[in-house]
Amino acid sequence: MLTSHDADAFPGLLTRDGARWHYLDSAATAQKPNAVIDAVTRALGPDYATVHRGLYARSADMTMAYEAARRQVAALIGGAEHELVFTRGATEAINLVAQSWAVANLKPGDRILLSMLEHHSNIVPWQLIRATTGAVIDVCPLTQDGQIDLDAAQAMLTPAHKLVAFSHVSNVLGGVLDVARAVALAHGVGAKILIDGCQAVARVPVDVAAMGCDFYVFSAHKLYGPTGIGALWARGDLLDAMPPWQGGGSMIDRVTFAETTWAPAPQRFEAGTPAIAEAIGFGVAADWVRGKGLAAIHAHESALVAQAREALGRLNAVRLYGPAASAGIVSFTIDGVHPHDLGTILDEENVAIRAGHHCAQPLMAHLNVPATARASFALYSDQTDIAALVRGIERTLRIFA
Ligand code: PMP
């Protein structure tokens, strides 16, 4: 059993030769603390067995651990465990809502309101739904500083709108949605609201009960947990009424060739052998983040954003995007330097940023840029990372001068 080292250490933050890696790509995926790595290692090793099937003690223990993970993850967002479905990630969670709830509830002429800053995974599933149901997609514009313009949303929403799907925190610009107001606007016209919490859940306190949303989705890997697992939280009455979207083992009550009946939610939406070790790692990550406190993480990342924006703003060639009060994410471009070239030069300095369209091509078109560079922070980021970023940008500017 691996228990000897610091549960809060992040082995991924070192380069291969043992130097500090200035990892500024946590919005893509977060590095993992030993607490999570050890939990997954144990789950795949001495504790390993299947869940929900075996009659032997190891499988019963594993089933308890898997269901405990569901409780841990639900607790992080203030939800009930029977309302939490494990999925492969946020992308699959949105596709689940689309293929189950939307197919059952939308008809030609119904409308879906998205925003200009959505990630492709909160656009494309709705385009597939548009093709199958005849629903229409509307796009809410952004404010000058790159936040979803809720005044515009208010003016656009009509009783024909059946769904609003917005990001809680933009993966490109870092703006934080006023979820309570968005929920009130959606419910005001009788629409349901899905919140893409992929970037939010690791950066700002989330309480689905207090926010009053209908669906909330996120991935474990941005929350210091494993890849291959994520969650859909849905209001119990909605989830209970939703038909299954994938069939197979575990999601049934009784199968005959004439007819099959379904298991209750959330099992109805978890066909097949689940990602057992990943779920357990997800639960440990959720508990670990709860222990650190999301208010404290948010304060830490907000201070880093302020420092980074200040330091980058002093460089004449740098153009900053998004609101000043961004949650852990800073997007920028440099006059005369393609973001990919910047990313390559920074890599030589042990600084990792993301450069590209960030799976938000409509937003790039709106900003009128092919790509941006993005530095994103996590609980383990600090001022030395920002200093290394600035040094790397200054070197890049000298190379391109
Ligand atoms: N939404 C947002 C805002 C994201 O940042 C991401 C990941 N970049 C996703 C959805 C999709 O998450 P995943 O790829 O883990 O399913």
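Residues numbered from 1 in each chain as written. Predicted model: local features only at pLDDT ≥ 70, side-chain atom pairs only at ≥ 80, totals over all residues. Heavy atoms only, no water.

A.B. asks: Would you mind going over the site of the ligand with me for this structure?
C.D. replies: Every residue near the ligand is listed here: Ala90, Thr91, His119, Ser121, Asn171, Asp196, Cys198, Gln199, Ser219, His221 and Lys222. Residue Ala90 places a main-chain N or O atom 3.4 Å away from an oxygen atom belonging to the ligand. One of the side-chain N or O atoms of Ser219 is found 2.7 Å from an oxygen atom in the ligand. Look at the ligand: alone it shows 400 Å² of surface, and the protein chains cover 85% of it. Residues belonging to the shell around the ligand are distributed by class as follows: two nonpolar, seven polar and two charged. (Near = heavy atom within 4 Å. Polar contact = N/O pair within 3.5 Å; in protein donor to acceptor, adjacent residues only side chain to side chain. Areas by Shrake-Rupley, 256 points an atom, 1.4 Å probe, with all protein chains shown as cover. Nonpolar A, V, L, I, M, F, W, Y, C, P; charged D, E, K, R; others polar.)

A.B. asks: I keep staring at the domain arrangement of the protein chain and nothing clicks. Help me out?
C.D. replies: Often the size quoted for an interface is simply the accessible area lost on bringing the parts together. When cut into domains, the protein chain gives domain 1 (11-31 + 294-400) and domain 2 (40-291). Relative placement of domain 1 and domain 2: their C-alpha centres are 28 Å apart. Contacts between the two partners involve 37 residues from domain 1 and, on the opposite side, 30 residues from domain 2. For the pair domain 1 and domain 2, the two sides together bury roughly 2,500 Å², of which 61% comes from carbon and sulfur. On the domain 1 side of the interface with domain 2, the three residues burying the most area are Leu294, Pro323 and Leu363, jointly 24% of the side's total. Our enumeration of links across domain 1 and domain 2 arrives at one salt bridge. Here Glu301 makes a salt bridge to Arg203, at a shortest N to O gap of 2.9 Å. The interface formed by domain 1 and domain 2 includes 17 residue pairs in polar contact (both at pLDDT 80 or more). Sorting the residues of the side of domain 1 that touches domain 2 by element identifies helix 10 (294-313), strand 12 (329-334), helix 12 (361-367) and strand 15 (372-376) as the ones contributing at least two each. (Domains from an automatic or database assignment. Contact = heavy atoms within 4.5 Å. Buried area = accessible area lost by both parts, 1.4 Å probe. Salt bridge = Lys/Arg side-chain N within 4 Å of Asp/Glu carboxyl O. Helix = DSSP H or I, 4+ residues; strand = E, 2+ residues; numbered from the N terminus.)

A.B. asks: Would you explain the nonpolar core in this entry?
C.D. replies: The nonpolar side chains of a soluble globular protein tend to be buried, and buried together. If you look at the biggest cluster of nonpolar residues, it comprises 80 residues, and the most contacted ones within it are Phe86, Phe166, Cys213, Tyr216, Tyr224 and Phe282. The element best represented in this core is helix 9 (residues 276-292), accounting for nine residues. Once you skip the residues sitting within four places of it in the chain, Phe282 turns out to touch Val73, Phe86, Phe218, Ala220, Leu223, Pro226, Ile229, Gly230 and Ala231. Formed by 29 residues, the second largest nonpolar core is a distinct cluster that contains Ile94, Cys198, Phe215 and Met242. (Core = buried A, V, L, I, M, F, W, Y, C linked by side-chain atoms within 4.5 Å. Buried < 20%, exposed > 50% of the residue type's maximum accessible area, 1.4 Å probe, protein only.)

A.B. asks: Looking at this structure, how should I read the side chain of Ser26?
C.D. replies: With respect to the helices, strands and loops of the structure, Ser26 is situated in the loop between strand 1 (22-23) and helix 1 (34-44). Beyond its immediate sequence surroundings of up to four residues, Ser26 is in contact with Arg203, Ser376, Phe377, Ala378 and Tyr380.

A.B. asks: Looking at this structure, how should I read the packing of helix 1 against helix 9?
C.D. replies: Helix-helix packing is described using two parameters, namely the angle between the two axes and the distance between the axes. It is the contact of helix 1 with helix 9, at a shortest axis distance of 8 Å, that shows an interaxial angle of 155 degrees. Between helix 1 and helix 9, the interaxial angle falls into the category roughly antiparallel. Helix-helix and strand crossings are classified by hand; for helix 1 and helix 9 the assignment is right-handed. Across from Ala35, Val36, Ala39, Val40, Ala43 and Leu44 in helix 1, the residues of helix 9 making contact are Ala277, Ile280, Gly281, Val284, Ala285 and Trp288. Partitioned by chemical class, the residues of the contact of helix 1 with helix 9 number 11 nonpolar, one polar and no charged. (Axes fitted to C-alpha atoms, helices over the stretch in contact; angles between N-to-C directions. Parallel < 35°, antiparallel > 145°, perpendicular 65-115°, else oblique. Left-handed = near helix turned anticlockwise from the far one by under 90°.)

A.B. asks: When you look at the pairing of strand 5 (residues 161-167) in this model, what are you seeing that I'm missing?
C.D. replies: Moving residue by residue along a regular strand, the side chains alternate between the two faces of the sheet. Within strand 5, six of the seven residues are buried, which leaves the element mostly enclosed by the surrounding structure. Judged from the three bridges that link them, strand 3 (residues 111-115) and strand 5 form a sheet pairing that is parallel. In the sheet register, Arg111 faces strand 5, and the bridge partner there is His161. Here strand 5 runs beside strand 6 (residues 192-196); their pairing, made up of five bridges, is parallel. Bridge pairing in strand 6 places Phe166 opposite Ile195. Taken together, strand 5, helix 6 (residues 179-188) and strand 6 form a β-α-β motif whose crossover is right-handed. (Pairing = 2+ DSSP bridges. Right-handed = clockwise from strand over helix to strand, strands pointing away.)

A.B. asks: What am I meant to see in the sheet that holds strand 14 (residues 354-356) here?
C.D. replies: Paired through backbone hydrogen bonds, the strands of a sheet run either parallel or antiparallel to each other. The four strands are arranged 11-12-15-14 in an open sheet whose pairing can be described as antiparallel. Only two strands of the sheet have a single neighbouring strand rather than two, namely strand 11 (318-321) and strand 14. Between one strand axis and the next, the sheet turns through 30 degrees on average, direction left out of account. The pairing of strand 14 with strand 15 spans three bridges and is classified as antiparallel. Residue pairing across strands places Gly356 opposite Thr372, the latter belonging to strand 15. Lying over the sheet, helix 10 contacts strand 11 and strand 12, oriented at roughly 10 degrees with respect to strand 12.

A.B. asks: Quick question: what am I supposed to make of the sheet that holds strand 5 here?
C.D. replies: Strand order across the open sheet formed by seven strands is 2-8-7-6-5-3-4, with mixed pairing between neighbours. Each of the sheet's edge strands pairs with one partner strand only, and the pair in question is strand 2 (84-87) and strand 4 (136-140). Taken pair by pair, the neighbouring strands of this sheet meet at an average axis angle of 20 degrees, ignoring direction. Together, strand 2, strand 7 (215-219) and strand 8 (230-234) form the strand contacts of helix 2 (residues 57-76), whose direction differs from that of strand 2 by roughly 110 degrees. Set on the sheet, helix 3 (residues 90-105) makes contact with strand 2, strand 5, strand 6, strand 7 and strand 8; between it and strand 7 the angle comes to about 150 degrees.

A.B. asks: I'm lost on the packing of helix 10 against helix 13 (residues 383-400) in this one. Help?
C.D. replies: Axis separation between helix 10 and helix 13 bottoms out at 10 Å; the angle between their running directions is 20 degrees. The angle between helix 10 and helix 13 falls in the class roughly parallel. The element helix 10 and its partner helix 13 pack so that their crossing is right-handed. Across the interface between the two elements, Leu304, Gln307, Ala308, Ala311 and Leu312 of helix 10 pack against Gln383, Ile386, Leu389, Val390 and Ile393 of helix 13. Partitioning the contact of helix 10 with helix 13 into residue classes produces eight nonpolar, two polar and no charged.

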